[in-house]
Amino acid sequence: MNDRSSLDEFDGGPGLLGPPHAPRGREEGTRAALIAFASTVIFIVVALWAILTSNAWPAVQKQFFNWDHFVAVFPEVLGGFWLDIKMFLFAEVVILAFSLMIAMIRSLRGPAFFPLRALAIIFIDLIRGIPVILLILLLGFGVPALQLPGVPKSALFWGLTALIISYSAYTAEVYRAGIESVHESQRMSARSLGLTQGQALRYVIVPQAIRNVIPALLNGFVSLQKDVALVLILGIREAVREADIYAASTFNYTGYIAAALLFLLVSVPVARFTDWYTDRDRRKKQSVST
Amino acid sequence: MTTPKLELRGVWKAFGDKEVLRDVGLVVDHHDVVCMIGSSGSGKSTLLKCVNLLVPIDDGTILLDGADITASGVNQNRVREAMGIVFQSFNLFPHMNVLDNITLSPRKVHGVPRADAEEKAKGLLERFGLSEKVVEYPDRLSGGEQQRVAVIRALATEPDLMLFDEVTSALDPELVAEVLDVIRGLKDVGMTMVIATHEMGFARDVADQVCFLDQGRILEHGPPKQIFSTPQEPRTQQFLQRIIDAGRL
């Protein structure tokens, strides 16, 4: 009569007595969730009440949250947003490849590679030192104005190029952090097997480095997904620009809200995914180390 | 007189102010097994890394089959292809399974077709009792298994010189024997080996020549019987006495 189940039976079974800790833990969990839920609801109600009862609200509502205007502007904004998405996807692919190349060049060792390394460092320093919007203006208006033969004159082309260059400089540093996080012994053992520096990077260091920086890269995704809207200053009709045009003719800003909603629709899931992935990765690492 | 497999002449190496190798000379004949003993920091590991050209030497020459491998203009990758090195910390590639770890260098460096490289790798794994582990990832293997895979990985490129850098120091005691047995097996097939080790019993059994390193110098060298039974230098006597006192010999 010394094992748990028979004791439970004796006392009327697990339904009455139950294991000593689990239900209490579950109860506490439920309670915590209830408190979190209640406080969130209270917070939202108070915030909404404060906004909706303020004197300025009717005017704001008319200017920013007008349903009729929303319906009128939405197709234009959506069309522009589609362009945002296309720009984002194209730029991201180029950035991931281009910045990896820069990071790998920066990680080469030995005096022979000094000029390449120096170029990579100068590129990163210069580009990171210029505001993105300035780079877009400089390339978007500057290069077409040069009227060079054979060079594209499209604002879209140069706007995207500016974004790609700018983000590549940052992303290259993310990759480099990843490359440096791989222990030196990995490089050494790859080299000892006769692999060249390039082969060691490609087959041994970079695959491990990328895995280490995926959360940081995803974070960059979210950032770029919104920053593509900056090309609107070149007159490119993406979502925010469409909202702008609508506002200019109607004096109603509901289009901005529509654009904001569309951006959120994409960026929030990516942010959640990033968190989920980071969490899973950390748990995996912990389970390996124990 | 035949050309030795490996020869070091007056090798010096310093890291900053600290001199780790001081005028080291060594001759390793074909099919010889040389064990380097000495306390931690005496320069054993650095010596092996210098031979593998992972650490550049400051002065002196290292000859492999009579050719100077420390001369400028030598293709270091070609030199490294001709020898294998195994490290204390295994250093398997964690993102690759056992088979890919072993076949990476044959495929990418030596241009062996994947099928051939894998067949050969499987043969080696079977020879060393690891055929069950072909598709496992390193973190699923015991330390001893990882180190045996590391030995196989180094052997896969068919080197005729193997360097072992304290390969059992990071292992649980009960796993040491399986790795040492692998090295004994290599001696039986006539592999030329330079082994840095703290396993004195093993060194005595397996070595043709034992070198005692102290503060970057080869203080004393000779057949194991001579070094372990009648060491000449007071430092060697002191070192061995401590090992005996610790019950390790």
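The structure under discussion appears in the preceding block.
Residues numbered from 1 in each chain as written. Chains lettered and ligands numbered in written order. Predicted model: local features only at pLDDT ≥ 70, side-chain atom pairs only at ≥ 80, totals over all residues. Heavy atoms only, no water.

## Topic: the sheet that holds strand 1 (residues 6-15) of chain B
Residues and elements named next belong to chain B. Reading across from one edge, 2-1-4-5 is the order of the four strands in this open sheet, with antiparallel pairing throughout. Bordering the open sheet on either side are strand 2 (18-28) and strand 5 (67-68), each of which pairs with just one other strand. The sheet contacts of helix 1 (residues 44-51) involve strand 1, strand 2 and strand 4 (59-64), and relative to strand 2 the element is tilted by about 65°. (Pairing = 2+ DSSP bridges. Helix = DSSP H or I, 4+ residues; strand = E, 2+ residues; numbered from the N terminus. Contact = heavy atoms within 4.5 Å. Axes fitted to C-alpha atoms, helices over the stretch in contact; angles between N-to-C directions.)

## Thoughts on the pairing of strand 10 (residues 217-222) of chain B
Each regular strand carries side chains that alternate between the two faces of the sheet. Residues and elements named next belong to chain B. Alignment of strand 9 (residues 209-214) against strand 10, held across five bridges, turns out to be antiparallel. Across the sheet, the residue bridging to Val210 is Gly222, located in strand 10. The antiparallel hairpin formed by strand 9 and strand 10 contains two residues in its connecting segment, where Gln215 sits at a positive phi of about 50°.

## Here we look at the sheet that holds strand 8 (residues 192-196) of chain B
Pairing between the strands of a sheet is mediated by backbone hydrogen bonds and can be parallel or antiparallel. Residues and elements named next belong to chain B. As summarised here, the arrangement of the six strands in space is 6-7-8-3-9-10, forming an open sheet in which the pairing is mixed. What marks the edges here is a single partner per strand, and that holds for strand 6 (83-86) and strand 10. Adjacent strand axes in the sheet meet at a mean angle of 15°, parallel and antiparallel pairs treated alike. By the bridge criterion, five bridges tie strand 7 (residues 161-165) to strand 8 in an arrangement that is parallel. Residue pairing in the sheet places Leu161 in a bridge with Thr192 of strand 8.

## Describing unusual backbone geometry
Of note in this structure, A:Gln147 is not a glycine but carries a positive phi near 55°. Relative accessible area serves as the criterion here: at 59%, A:Gln147 is assigned to the exposed category. Phi is positive for B:Phe90, which is not a glycine, with a value near 60°. Note on placement: B:Phe90 falls in the loop between strand 6 and helix 3 (98-108). A residue is classified by how much of its surface remains accessible, and B:Phe90, at 12% relative accessible area, is buried. (Buried < 20%, exposed > 50% of the residue type's maximum accessible area, 1.4 Å probe, protein only.)

## Focus: the pairing of strand 1 of chain B
Residue and element names in this part refer to chain B. As defined by bridge partners, strand 1 adjoins strand 2 across seven bridges and the pair is classed as antiparallel. Residue pairing in the sheet places Ala14 in a bridge with Glu19 of strand 2. Here strand 1 folds back onto strand 2, and the loop between the two strands holds two residues, one of which, Gly16, carries a positive phi near 65°. Summarising the sheet, strand 1 and strand 4 pair through five bridges and their orientation is antiparallel. Residue pairing for strand 4: Arg9 is matched across the bridge by Thr61.

## With respect to the interface of chain A and chain B
The extent of an interface is frequently quoted as the accessible surface area lost upon association of the parts. In this complex, chain A contributes 18 residues to the contact, which on the side of chain B involves 22 residues. At the boundary of chain A with chain B, total buried surface from both sides reaches about 1,700 Å², with 63% on carbon and sulfur atoms. On the chain A side of the interface with chain B, the three residues burying the most area are A:Ser192, A:Leu193 and A:Tyr203, jointly 33% of the side's total. Along the contact surface separating chain A from chain B lie zero salt bridges. On the surface where chain A and chain B come into contact, there are seven residue pairs in polar contact (both at pLDDT 80 or more). Of all the secondary-structure elements, those providing two or more residues to the side of chain A that touches chain B are helix 8 (184-192) and helix 9 (197-227) of chain A. (Buried area = accessible area lost by both parts, 1.4 Å probe. Salt bridge = Lys/Arg side-chain N within 4 Å of Asp/Glu carboxyl O. Polar contact = N/O pair within 3.5 Å; in protein donor to acceptor, adjacent residues only side chain to side chain.)

## Brief notes about the nonpolar core
All names here are of chain B. Grouped together as the largest cluster of nonpolar side chains are 49 residues, with contacts concentrated most on Ile37, Met162, Phe164 and Met193. Among the elements that take part in this core, helix 6 (residues 173-188) stands out by supplying seven residues, more than any other. Excluding residues that lie within four positions of it along the chain, Ile37 makes contacts with Lys44, Thr197, Met200, Ala203, Val210, Cys211, Phe212, Leu213, Ile227, Phe228, Phe239 and Leu240. If you look at the next biggest cluster of nonpolar residues, it comprises 31 residues, including Leu47, Val55, Val79 and Cys211. (Core = buried A, V, L, I, M, F, W, Y, C linked by side-chain atoms within 4.5 Å.)

## Examining helix 6 (residues 132-146) of chain A
Residues and elements named next belong to chain A. With 15 residues, helix 6 extends 21 Å from end C-alpha to end C-alpha; this agrees with the ideal 21 Å at 1.5 Å per step. Where helix 6 is concerned, the buried positions are Val132, Leu135, Ile136, Leu139, Gly140, Val143 and Pro144. For helix 6, the angular spread of the buried residues around the axis is 115°, confining them to a single face. Along helix 6, the residues that are exposed and aim more than 90 degrees away from the buried face are Ala145 and Leu146. Immediately beyond the C-terminal end of helix 6, within one or two residues, lies Gln147, with a positive phi of roughly 55°. (Expected span 1.5 Å × (residues − 1). Arc of directions from axis to C-beta.)

## Description of helix 8 of chain A
Counting buried residues along helix 8 of chain A, seven of its nine residues qualify, which places the element largely inside the surrounding structure. Listed as buried for helix 8 of chain A are A:Ser185, A:Gln186, A:Arg187, A:Ser189, A:Ala190, A:Arg191 and A:Ser192. Contact partners of the buried residues in helix 8 of chain A: helix 4 (67-107) and helix 9 of chain A together with helix 2 (76-81), strand 6 and helix 5 (143-155) of chain B. In the segment just after helix 8 of chain A, A:Gly194 is the residue with positive phi, at about 95°.

## Quick word on the state of the cysteines
Residue and element names in this part refer to chain B. All chains considered together, the criterion is met by zero disulfides over all chains. For the unlinked cysteine Cys35, the closest cysteine sulfur is that of Cys211, found at 9.1 Å. Since its relative accessible area comes to 0%, Cys35 is described here as buried. On the basis of relative accessibility, which here comes to 1%, the residue Cys211 falls in the buried class. (Disulfide = S-S within 2.5 Å.)

## Structural notes on the side chain of B:Gln209
All names here are of chain B. Structurally, Gln209 can be placed in strand 9. Of note is the side chain of Gln209, whose polar atom sits 3.2 Å from the side chain of His221. Leave out the neighbours within four places in its chain, and Gln209 touches Leu26, Val27, Asp32, Val33, Val34, Cys35, His221, Gly222 and Pro224.

## Some thoughts on the packing of aromatic side chains
Residue and element names in this part refer to chain A. Overall, the coordinates contain 12 aromatic pairs over all chains when judged by the stated rule. With a centroid separation of 5.4 Å and an interplanar angle of 40°, the aromatic rings of Phe64 and Tyr253 are classed as tilted. Of this pair, Phe64 sits in helix 3 (residues 57-64) while Tyr253 sits in the loop between helix 10 (239-250) and helix 11 (254-289), placing them 189 residues apart in sequence. Classification of Tyr253 as partly exposed rests on a relative accessible area of 31%. With 5.9 Å between their ring centres and 10° between their planes, Tyr253 and Tyr256 make a pair best called stacked. One aromatic cluster is present, built from ring pairs that chain together Phe64, Tyr253 and Tyr256. (Phe/Tyr/Trp six-rings, centres within 6.5 Å; stacked < 30°, edge-to-face > 60°.)

## A few points about the pattern of salt bridges
Here the structure, examined in full by the defined rule, presents 25 salt bridges over all chains. The partner of B:Asp160 in a salt bridge is B:Lys5, and the shortest N-O contact between them spans 3.1 Å. In this pair, B:Asp160 is assigned in the loop between helix 5 and strand 7 and B:Lys5 in the segment before strand 1, connecting sequence segments 155 residues apart. Residues joined in a network through salt bridges with shared partners are A:Arg106, A:Arg128, A:Glu173, A:Arg176 and A:Glu180.

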